[in-house]
Amino acid sequence: MSDSALGDVKVLDLTNLIAGPYCTKLLADYGAEVIKVERPGIGDGARRLGPFPGDVPHPEKSGLFLHLNTNKQSVTLDLTTQAARAVIKELVKETDIVVEGFRPGTMARWGLDHDTLRSINPTLVMTSISNFGQTGPYRDFRMAEVMVYGMGGEMYSTGIAEREPVKLGVNVLLYQAGATASVATMGALFAARDQGIGQHVDVSIMETQVGSIDRRMSTLIGYQYSGDITGRSPLGSGGGYPYGAIPCSDGYLEISAGRNYFPRAVSMLGSPAELQDPKWYAPGAQRDPDLKEEFDTMILTWSLEHTKAEAWAIAQESRVISAPLNTMEELAEDTEFNSRGGFIEIDHPVAGTLNYPARPFIMNDSPWSVRRPAPLLGQHNMEILNRLGYSSGDVVRLRQQGAI
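Described below are features of the structure shown in this document. Everything numeric in this text was worked out from a predicted model, so none of it was measured. (Residues numbered from 1 in each chain as written. Predicted model: local features only at pLDDT ≥ 70, side-chain atom pairs only at ≥ 80, totals over all residues. Heavy atoms only, no water.)

Describing the packing of aromatic side chains
Two measures describe an aromatic ring pair: the distance that separates the ring centres and the angle between the ring planes.
No. 1: Counted under the stated rule, the structure contains 13 aromatic pairs.
No. 2: With centroids separated by 5.8 Å and ring planes inclined at 85°, the aromatic side chains of tyrosine 241 and phenylalanine 262 adopt a geometry described as edge-to-face. Taken as a pair, tyrosine 241 in the loop between helix H9 (216–226) and strand E7 (243–248) and phenylalanine 262 in helix H10 (residues 262–268) lie far apart in primary sequence, 21 residues in all. Residues tyrosine 241 and phenylalanine 262 agree in their burial class; the two are buried.
No. 3: Every member of this aromatic cluster is reached through a ring pair, and the members are Tyr241, Phe262, Trp280, Tyr281 and Phe295.
No. 4: Note that arginine 47 overlies the ring of phenylalanine 65, its terminal NZ or CZ placed 3.9 Å from the centroid. (Phe/Tyr/Trp six-rings, centres within 6.5 Å; stacked < 30°, edge-to-face > 60°. Helix = DSSP H or I, 4+ residues; strand = E, 2+ residues; numbered from the N terminus. Buried < 20%, exposed > 50% of the residue type's maximum accessible area, 1.4 Å probe, protein only. Lys NZ or Arg CZ within 6 Å of the ring centre and 35° of its normal.)

Section: empty space enclosed by the protein
No. 1: Counting across every chain of the model gives two cavities of 30 Å³ or more.
No. 2: Lining the largest cavity are Lys10, Val11, Leu12, Glu33, Ile35, Leu91, Glu94, Thr95 and Arg387.
No. 3: Elements that contribute at least two residues to the lining of the largest cavity include exactly strand E1 (10–14) and strand E2 (33–38).
No. 4: Ranked by residues supplied to the lining of the largest cavity, first place goes to E1 with three residues.
No. 5: Its residues assigned to classes, the lining of the largest cavity shows four nonpolar, one polar and four charged.
No. 6: Estimated volume of the second largest cavity: approximately 30 Å³.
No. 7: Listing elements by their share of the lining of the second largest cavity, those giving two or more residues are strand E3 (72–76) and helix H15 (381–387).
No. 8: When its residues are assigned to classes, the lining of the second largest cavity shows five nonpolar, two polar and no charged. (1 Å grid on protein atoms, 1.4 Å probe; cavity = no way out; pocket = protein on both sides within 12 Å on 5 of 7 lines; lining within 4 Å. Points joined across faces, edges and corners; volume = space filled by probe spheres on them. Nonpolar A, V, L, I, M, F, W, Y, C, P; charged D, E, K, R; others polar.)

See below:
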């Protein structure tokens, strides 16, 4: 058995783009053997999204695809063909987990639903990731990530009070859905191995957001108790001042002080005489817009005289919760992340050597590792089909039929 945590787990990946591939990436990076099924000649949609080195599109050089598919093998199968579906059924015989991201009902239409596949492999775990789940009135709806964020509730509370709501983050909801799916899949795998139960895991991207820790659970509970709907706060308000991104001479410093830690912010500014006035500490001072404007002038005068590194050091001395707002270049060069192995160089046969984000967590006795770069489209067709008993002639015929 492999030293990797999941070295004895075999996964069939029938997913595309972000949520599903991130789920299977987490399994692959900790040792699982993951066979990724892609459409012949087209592949995973992430291959066309980039970013690309030099901003030149290439299906084997997408940074998104390369990151989400390390440690996987690629076979091409057109699942609309009977011959390709026969290959899937052969693969299922030696598979522990199938993860699929098709629209609900698609796998059943192809004769690849969980009941059918479990008749081939009784302990098979199938995880289905879809927008709204496999059942319910929204089951067949299509949507983009911004819609998930909006329907999930808390987009209503993000943005400036006088303007329309805005979405935060880029694809973060899909990554969270993928992470949730990986945890659910592992739970089902434990049951399969301990109890001999092969089950279907139904992951709704929408539900992973409604129940997320990004304010949704707390605000939903708050609504149940009070009936209050969380609104958008005026810019810079909420917990009081100072709070948010403060411009420095070379960038920005993020600070969080507000009403509870205002004395620390005063110390950070050098305890000027103007801030010793009792008016700053009177009840309601943190909600007074005139006082906020006066304070903003003082903190901006201070911050623009310092680099963000200097301002951060001073803020730390005064125990103000703070951090520099890094560019991607600064993050990649950060000594903390690099000393812990937060980034790793991977050599790809087409994309070349690039720096990738590494593991999300450390396991000391069964470490994360890169066993192989993201696969070329269909790179492992011959290897995997031969292992299943298909001859070279069989593979040629499958190719001629358009099945691979």
